[in-house]
Amino acid sequence: MKPRHLDSAVFLISGTGIAYQVILMRIFSIAQWHHFAYMMISIAMLGFAAGGIVLTLLYRWSAGKEASLLRKFSFILTLSLVLCYAVSQALPFETYQLATQPIQLLYLSLLYLILALPFFFTSCCILLAFYLERGHVGRIYAVNMIGSGAGALVVVLLMFLVQPAAIPYCLTFMAALATLLLFIDGPYPGIQTLFLLTALFCVGIVVGFQPIRISEYKGLAYALRMPDAKIRAEAQSPLSVLTAVESAMIRETPGQISHRFKAKKDAILPDQIGLFFDADSVSVINRWEQNPQEPAYLDYVTTALPYHLLDKPDTLIIGAGGGTDVLSALLHGAEKVTAVEVDPRVFPIMKRHFQVFSGRLWDHPSVEPIQAEGRAFLQSSRRAYDLIQIPLLDAFNASSAGVYALNESYLYTKEAIQLYLQRLTPGGILAVTRWLKTPPRDAIKMAATLIEAAPDAGIENPAAHMAMIRSWNTATLIASRSPLSPLQVEKIRRFAAEREFDLVYLPGIRPDEVNRYTILEQPVYYEAVTAMLSDKRKDYYRRYLYYIEPATDDRPYFFRFFKWGSINRLIQGMGSEWIPFVEWGYITLLATLIQAMAASCVLIVLPLVALARSALSHKKYPTIPILMFFFALGLAYIFLEIAFMQKYMLFLAYPIYAIAVVLTSFLLFSGFGSYFADRFRGKREALIVRSVILIAVLSLAYMVSLPVLFQAASGWGDAAKILMCLILLAPIAFCMGIPFPTGFQKVTSDFEACAPWAWGINGCASVVGASLATLIAVHAGFRIVVLSACLLYFLAAACYFRMIRSSVSRL
């Protein structure tokens, strides 16, 4: 008998499932690094696919027991949310050790299996609801999608209120409510409810509160191992977890300090407090007592260069953090400092806990703190600055290891650099500082980006407008709106010589002027910049060991340097030591994709194909069209979802806003599309064709028009931007909600034994699609991801008509 509260239970279970996925993405971004967000999408889809396997294998046995099984799976789901999270935090998995310790691959596989379990139980619950409502698949699917959209919104709101580690426990209550609704409709509601509450109590006692286990290779883990380390303050938001650590051993500077400073008698660093973002990137708060001569060390780092070329500049700093670069600007006599910081908790935590320690930096009359994303702030303002400075925004150890390889960064694309140059006054300067890596790549790619962006900003001869210097571990690249004057060129030479920094490039530089202090085997940075300024730039890109072509808004992966063609050269040059010199983020993506494909084949495709050939084939079910239809739909949906997340990330500025808006919109309006498809079941063929055509037309239209629309609305407030995004996404999401329930209703009605198999295939496609979409975007751009999705939808439509012909032939 169908439970009376079935729709409500499905709504809550679906919401729990998507909320659990989003919070695990956030937790693993903190515990490991950003690229694990994509792994969590694969894990979730793996669990959903596995649910289809089990119910296919148990199809005959489960007939007539759907309501009872639904209650059991919902009960287990409730317990698994906390248990699986706790076990995942107990596993000693480390990204850095994947290639050196084979057991780490086992830990990664265990993470997949353990964290897939809650999604497996969620999948089983929704599939059983489909069985209980065989005639109204579209309605149940609509409830599922709308519930998922609500769950995505709820979890983002929770991130403002509680720390991420507590949210899996909060979601347990959501799943428990769904289970209670199902128990009310059961044969023994009182006993079952008591059993649920007792089980939850026991799990809570055994597991307890499990904090996030942070990788021992992240900056916060290093800092907390210092003997006198003490956490002074903490704050969290959907964007990041902020941790302030005090220790006498914290001595963080924006790059290497010149040896000339260390030789001074009064060469001391002020007391500092480390401000860690998501347990990794650190920005220090310097003790300052309003003495304009302190801290003097800030004049002995490469970031000080532009202040020796400008007099009292009106300065914009993108990424203010703990205020080191703001302090440097004041030390060098900046007339006004606009300090832009993306994290909404930085300024409050500074003013609440470190106001006196920092010398009331943010209340200084020359400082204007702005909470915004740097590029979005510039797009919404027409103001010009004498100096735009982009300091070091990432951790040295993680950057050197390449764990940022898959981090999208719209701060360092060609279009971004073009914008910065256009926002300079006629004599203004853009200054960008990057870490140096071995072998060289990061600073070289930054130089390539500036060289290619300059002509679009009206600078026809970038060679006369730019200069670059380096220390042991950083390089500062400057570009002037006007050609650098002979006096400025001489000041650059003097600045570098007095601090023993190496010249890399400046107008009129001689080969004998480079590579003097920190001596490299070859003056590779000088050779790179001069080659890229010549007409042989593309040839240099092709020959270079790493991928150094500029990132673009369509491929915003500035930190991606991996080239397949360079592996042999790395092995020949470094032997077994080549592994640390590749990009770990990229390697992890490949490992995730391979594991996803292997898991899909072994755990999903092969058992289902075997089942199709034995138990199903004698009934002449169209197994190949069904497989291709649902696999194509799974890939296409996840492709578009990921592509739009990336596009909206640029417009909304905050990644979590983009994820929440796109997930909520896609799921909510797809749910409405599913409900529409359920109401017009007699016109399935027309629905499929029209929806696929509309999806393709809208997708292509968005790719052309979104940049223009986003530019026009760049000055709007967050609420207006989010509303605009919802309106834009509604039509395509509505259409995307039609093909799956239409095809699933067809399978449920005409080939019922194939229904869970079809569900599993769709999940299998999403498992692979999450990583595959990212891989395609890295190499070919998001436009190709969108075009691929459109082709996949047309393939799905063709397969649907194959299913119809097969259905007719069976009559």
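None of these values were measured; they are calculated from a predicted model. (Residues numbered from 1 in each chain as written. Predicted model: local features only at pLDDT ≥ 70, side-chain atom pairs only at ≥ 80, totals over all residues. Heavy atoms only, no water.)

Engineer: Would you mind going over the overall build of the protein with me for this structure?
Structural biologist: Along its length, the protein carries 28 helices and twelve strands. Every one of the 811 residues in the protein was classed for burial, and the buried ones make up 63%. Of all intrachain contacts in the protein linking residues separated by at least 6 positions in sequence, the fraction that spans at least 24 positions is 78%. Taken as a whole, the protein presents about 29,800 Å² of accessible surface, with 63% of it coming from carbon and sulfur. (Helix = DSSP H or I, 4+ residues; strand = E, 2+ residues; numbered from the N terminus. Buried < 20%, exposed > 50% of the residue type's maximum accessible area, 1.4 Å probe, protein only. Contact = heavy atoms within 4.5 Å. Areas by Shrake-Rupley, 256 points an atom, 1.4 Å probe, with all protein chains shown as cover.)

Engineer: For this particular structure, what's the right way to read the packing of aromatic side chains?
Structural biologist: Here the distance between the centres and the angle between the planes together describe a pair of aromatic rings. Taken as a whole and judged by the stated rule, the model has 34 aromatic pairs. Pairing Phe130 with Tyr141 gives two aromatic rings, centres 6.5 Å apart and planes at 25°, and the pair type is stacked. Here the residue Phe130 occupies a position in helix 5 (residues 103-132), and Tyr141 occupies one in helix 6 (residues 137-161), the gap between them amounting to eleven residues. Since its relative accessible area comes to 11%, Tyr141 is described here as buried. Stacked on the ring of Tyr300, the Lys or Arg Arg499 has its end atom at 5.2 Å from the ring centre. (Phe/Tyr/Trp six-rings, centres within 6.5 Å; stacked < 30°, edge-to-face > 60°. Lys NZ or Arg CZ within 6 Å of the ring centre and 35° of its normal.)

Engineer: In this structure, what is going on with the sheet that holds strand 2 (residues 241-246)? I would like to understand it.
Structural biologist: Two orientations exist for strands paired in a sheet by backbone hydrogen bonds: parallel and antiparallel. Here four strands make up an open sheet; going across it, the order is 1-2-3-4 and the pairing antiparallel. The open sheet is flanked by strand 1 (230-236) and strand 4 (281-286), the only strands paired with a single partner. Between one strand and the next, the sheet's axes are offset by a mean angle of 20°, whatever the strand orientation. (Pairing = 2+ DSSP bridges. Axes fitted to C-alpha atoms, helices over the stretch in contact; angles between N-to-C directions.)

Engineer: Explanation requested: the side chain of Lys218 in the structure shown.
Structural biologist: With respect to the element layout, Lys218 can be found in the loop between helix 8 (189-207) and helix 9 (219-224). Polar side-chain contacts of Lys218 include one of 3.3 Å to the backbone oxygen of Ser29. (Polar contact = N/O pair within 3.5 Å; in protein donor to acceptor, adjacent residues only side chain to side chain.)

Engineer: Even after reading the chapter, I still don't get the sheet that holds strand 6 (residues 336-341), so can you show me in this structure?
Structural biologist: One open sheet accounts for eight strands, arranged 7-6-5-8-9-11-10-12; its pairing is mixed. Every interior strand has two partners, whereas the edge strands, strand 7 (367-371) and strand 12 (502-505), have only one. On average, adjacent strands in this sheet sit at an angle of 20° to one another, irrespective of strand direction. Judged from the five bridges that link them, strand 6 and strand 7 form a sheet pairing that is parallel. Directly across from Val340, in strand 7, lies its bridge partner Ile370. Most of the contacts of helix 11 (residues 324-331) go to strand 6, to which it runs at about 175°, and overall it touches strand 5 (314-318), strand 6, strand 7 and strand 8 (385-390).

Engineer: Any chance you could explain the pattern of salt bridges here in plain terms?
Structural biologist: Opposite charge on two side chains lets them pair, provided their charged atoms get close. If you walk through the whole model with that rule in mind, you get 23 salt bridges. For Asp299, the salt bridge identified is with Arg499, shortest N-O distance 2.8 Å. Placement of Asp299 in the loop between strand 4 and strand 5 and of Arg499 in helix 17 (residues 486-499) is noted, with a sequence separation of 200 residues between them. Arg499 matches Asp299 in its accessibility class, with the two residues each being buried. The partner of Asp554 in a salt bridge is Arg783, and the shortest N-O contact between them spans 3.7 Å. (Salt bridge = Lys/Arg side-chain N within 4 Å of Asp/Glu carboxyl O.)

Engineer: I'm lost on the packing of helix 5 against helix 6 in this one. Help?
Structural biologist: The packing of two helices is summarised by the inter-axis angle and the distance between the axes. Two numbers describe how helix 5 lies on helix 6: the axes approach to 9 Å, and their chain directions differ by 150°. Considering their axes alone, helix 5 and helix 6 lie roughly antiparallel with respect to each other. In the packing of helix 5 onto helix 6, the handedness of the crossing is right-handed. Facing helix 5, whose interface residues are Ile126, Ala129 and Phe130, helix 6 presents Val137, Ile140, Tyr141 and Asn144. (Parallel < 35°, antiparallel > 145°, perpendicular 65-115°, else oblique. Left-handed = near helix turned anticlockwise from the far one by under 90°.)

Engineer: Explain the environment of Trp472 to me, please; I cannot follow it from the model alone.
Structural biologist: Structurally, the position occupied by Trp472 is in the loop between strand 10 (466-470) and strand 11 (474-480). Through-space distance from the C-alpha of Trp472 to that of Ile257 is 9.1 Å; in sequence the pair is 215 residues apart. Excluding anything up to four places from it in sequence, Trp472 contacts Gln256, Leu436 and Thr518.

Engineer: What is the right way to look at the nonpolar core in this model?
Structural biologist: Side chains of nonpolar character tend, in soluble globular proteins, to be buried together. Leu640, Phe644, Tyr648 and Phe744 are the most contacted members of the largest nonpolar core, which totals 174 residues. One finds Leu275, Tyr297, Val337 and Phe377 within the second-largest nonpolar core, a separate group that totals 110 residues. (Core = buried A, V, L, I, M, F, W, Y, C linked by side-chain atoms within 4.5 Å.)

By themselves, these figures tell us nothing about what the structure is for.
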